[in-house]
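# An overview of the molecular structure
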Amino acid sequence: MMALQLLLRLTFLGLSITSPLVHGEGFQGPEAVWPSLFNFNLPQKVESIQIPNNGSAPLLVDVEVFVSNVFNVDILRYTVSSMLLLKLSWLDTRLAWNNSAQLQHAVTLPWDSLWTPRLTILEALWVDWRDQSPQARVDQDGHVKLKLALTTETNCDFDLLHFPRDQSDCSLSFYALSNTAMELEFQAHAVNEIVSVKREYVVYDLKTQVPPQQVVPCFKVTLSLKNTSLKSIIALLVPAEALLLADVCGGLLPLWAIERIAYKVTLLLSYLVFHSSLVEALPSSSSCNPLLIYFFTILLLLLFLSTVETVLLAGLLAKSSPSPALTGAHREHGNSGPHPEEPPRGVKGSQRSWPETADRIFFLVYVAGVLCCQFIFAGIWMWAACQSDPAPGEAAPHGRRPRP
């Protein structure tokens, strides 16, 4: 009976059905069919339901945002999916009634039979509303409460400079494009209800903000994400460091050994295959690329330099002195004693050729350079910060004219 009285009151006010509450895929509310009893006073063309009048002050809508899940964090596409529950409440004195003769304190009405804020998520690629026909609860004093459950995929500007130990802030901006800041104002709160931690990215902080000096009323929810996965560290850093250590150990082989060149070339080819797959796995952007990209490129240059040094000095050694392999073959066909013109290697007092001396100096410099690169990279990792250029849209906030 109380619901019929409210519908009759809306009918005599000349109010009609609103369009869908929120822009997004999968939320198209059905048109309400009014009983013929209420149609006798309706004009042929009715006006849309107006926002409740709050005098000179804007209508205050209280919003509670409950974040229940964050999943499908895709750093290659710069997207993140999340599940939210919005609890909206506001005062509409037009729906209040006198409860002296009625025992009912609240009624439930279809969401499209009264005014509701139309929300648009600015960063959303798609929005899936769980309840296609939500119900609004109206108290006797005119307080309206509405609950909306949704799943959305939004863009996120990940800060991947320290990938795979990166931390990023992803924003969800809710705008009421059909109203102005003089008519409507939001008061937002956020609650983190995520209970699962078995995932790569974990939400460690949750904040809400109402941006000031906006022509269009809005509120923003910020999700702070932290990468806690060890998979990237094991799959990227461990193989790279292992190849670099193997290359350093390859410098201990004698320069005249044929196996050394084959060993160096094999390591270089292995790292080239690893580096090509690595480039596809790591994300890239116009600014603040992951430091690991530069680190792996430096390692590639070090391996290339080490291989080139081995090939050049081994070639010079072959021209300046007879090959130990050929010398050993002559010894097998001749006598088994030491060659009279070449002292045995490793015997005290034997002299090294200048290619071998250069190779030994290069090995020491190479080891020192590798160690310095490791310490320098560790320092940059700890102190470097992303200083990217401002986005083009930051000079022109939503609802304002672009700055000259």
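Model, not experiment: these values are computed from the prediction. (Residues numbered from 1 in each chain as written. Predicted model: local features only at pLDDT ≥ 70, side-chain atom pairs only at ≥ 80, totals over all residues. Heavy atoms only, no water.)

### Some words on the state of the cysteines
Going through the model one piece at a time under the given rule, you end up with one disulfide. Disulfide pairing places cysteine 156 opposite cysteine 170 at an S-S distance of 1.9 Å. Sign of the S-S torsion, about -75 degrees for the bond between cysteine 156 and cysteine 170, identifies this disulfide as left-handed. In this pair, cysteine 156 is assigned in the loop between β7 (143-155) and β8 (167-175) and cysteine 170 in strand β8, connecting sequence segments 14 residues apart. Per residue, the accessibility class of cysteine 156 equals that of cysteine 170, and both read buried. (Disulfide = S-S within 2.5 Å. Helix = DSSP H or I, 4+ residues; strand = E, 2+ residues; numbered from the N terminus. Buried < 20%, exposed > 50% of the residue type's maximum accessible area, 1.4 Å probe, protein only.)

### Comments concerning the pairing of strand β6 (residues 135-139)
Where strand β3 (residues 106-110) lies against β6, five bridges are found, and the strand directions are antiparallel. Its bridge partner lying in β6, alanine 106 is registered against aspartate 139. Judged from the three bridges that link them, β6 and β7 form a sheet pairing that is antiparallel. The residue bridging arginine 137 from the neighbouring strand is lysine 145, located in β7. If you look at the hairpin formed by β6 and β7, you'll find three residues sitting between the two strands, and glycine 142 has a positive phi there, around 95 degrees. (Pairing = 2+ DSSP bridges.)

### A few points about the pattern of salt bridges
According to the stated counting rule, one finds seven salt bridges in the structure shown. Residue glutamate 153 is joined to arginine 77 by a salt bridge in which the shortest nitrogen-to-oxygen separation is 3.1 Å. With glutamate 153 in strand β7 and arginine 77 in the loop between β1 (59-74) and β2 (79-91), the pair connects residues that are 76 residues apart, well separated along the chain. Looking at glutamate 153, the relative accessible area reads 10%, which means it is buried. For arginine 77, a relative accessible area of 47% puts it in the partly exposed group. Note that arginine 94 is salt-bridged to aspartate 92, the shortest N-O span being 3.0 Å. For arginine 94, a relative accessible area of 24% puts it in the partly exposed group. (Salt bridge = Lys/Arg side-chain N within 4 Å of Asp/Glu carboxyl O.)

### Focus on the packing of aromatic side chains
How two aromatic rings sit relative to each other is set out by the distance from centre to centre and by the angle between their planes. In total, this model carries 11 aromatic pairs according to the counting rule given. Taken together, a centroid distance of 5.8 Å and an interplanar angle of 50 degrees make the contact between tyrosine 271 and phenylalanine 274 tilted. Residue tyrosine 271 and its partner phenylalanine 274 are both found in helix α3 (residues 258-281); the two are separated by three residues, about one turn of the helix. Owing to a relative accessible area of 0%, tyrosine 271 belongs among the buried residues under this scheme. Accessibility expressed as a relative area gives 15% for phenylalanine 274, which makes it buried. On the numbers, 5.7 Å between centres and 55 degrees between planes, the contact of phenylalanine 295 with phenylalanine 296 is tilted. Looking at phenylalanine 295, the relative accessible area reads 6%, which means it is buried. (Phe/Tyr/Trp six-rings, centres within 6.5 Å; stacked < 30°, edge-to-face > 60°.)

### Describing helix α6 (residues 354-383)
Over its 30 residues, α6 extends 43 Å from the first C-alpha to the last, a length consistent with the 44 Å expected when each residue adds 1.5 Å. Taken residue by residue, α6 has Pro355, Glu356, Asp359, Phe363, Tyr366, Val370 and Phe377 as its buried positions. Summarising the contacts, the buried residues of α6 are in contact with α2 (231-250), α3 and α4 (291-320). (Expected span 1.5 Å × (residues − 1). Contact = heavy atoms within 4.5 Å.)

### Some thoughts on the packing of α2 against α4
Viewed as axis vectors pointing N to C, α2 and α4 meet at an angle of 20 degrees, and their least axial separation amounts to 11 Å. It follows from the interaxial angle that α2 and α4 lie roughly parallel. Crossing of α2 over α4 shows left-handed handedness. Contacts between α2 and α4 involve Leu236, Leu237, Ala240, Glu241, Leu243, Leu244 and Asp247 from the former and Leu292, Phe295, Phe296, Leu299, Leu302, Leu303 and Ser306 from the latter. Of the residues in the contact of α2 with α4, the class split is 11 nonpolar, one polar and two charged. (Axes fitted to C-alpha atoms, helices over the stretch in contact; angles between N-to-C directions. Parallel < 35°, antiparallel > 145°, perpendicular 65-115°, else oblique. Left-handed = near helix turned anticlockwise from the far one by under 90°. Nonpolar A, V, L, I, M, F, W, Y, C, P; charged D, E, K, R; others polar.)

### Some remarks on the UniProt feature "transmembrane region" (unreviewed entry) in the protein
Following the UniProt record, one finds the feature "transmembrane region" (unreviewed entry) at residues 291-317 and 361-384. As annotated, residues 361-384 has a helix share of 96% and a strand share of 0%, and its two end C-alpha atoms lie 33 Å apart. (UniProt positions renumbered as here; feature names shortened; annotations may be inferred.)

### As for the nonpolar core
Core analysis: the largest hydrophobic core is formed by 75 residues, its most contacted members being Phe158, Phe174, Leu225, Tyr271 and Phe296. Broken down by element, the residue count for this core peaks at eight residues, all from α4. For this core, the two domains that each supply at least three residues are domain 1 (62-228) and domain 2 (232-320 + 356-383). Those residues within four positions of phenylalanine 174 in sequence are excluded, and the remaining contacts are Leu84, Leu86, Leu119, Thr120, Ile121, Pro217, Cys218, Phe219 and Val221. (Core = buried A, V, L, I, M, F, W, Y, C linked by side-chain atoms within 4.5 Å. Domains from an automatic or database assignment.)

### Some remarks on the sheet that holds strand β11 (residues 218-227)
Sheet architecture is open: four strands sit in the order β4-β8-β11-β10, paired in antiparallel fashion. Single-partner strands in this sheet number two, and they are β4 (120-121) and β10 (201-209). When β4 meets β8, the two strands line up antiparallel, connected through two bridges. In the strand pairing of β8, isoleucine 121 is matched with phenylalanine 174.

### Let's talk about unusual backbone geometry
The omega angle of the peptide bond from phenylalanine 163 to proline 164 is 15 degrees, so this bond is cis rather than trans. Mapped onto the elements, proline 164 comes out in the loop between β7 and β8. A positive phi angle, near 55 degrees, is found at tyrosine 78, a position not held by glycine. Tracing the chain through its elements places tyrosine 78 in the loop between β1 and β2. Of the residues examined, tyrosine 78 reaches a relative accessible area of 19% and is grouped as buried. Phi is positive for glutamine 213, which is not a glycine, with a value near 55 degrees.

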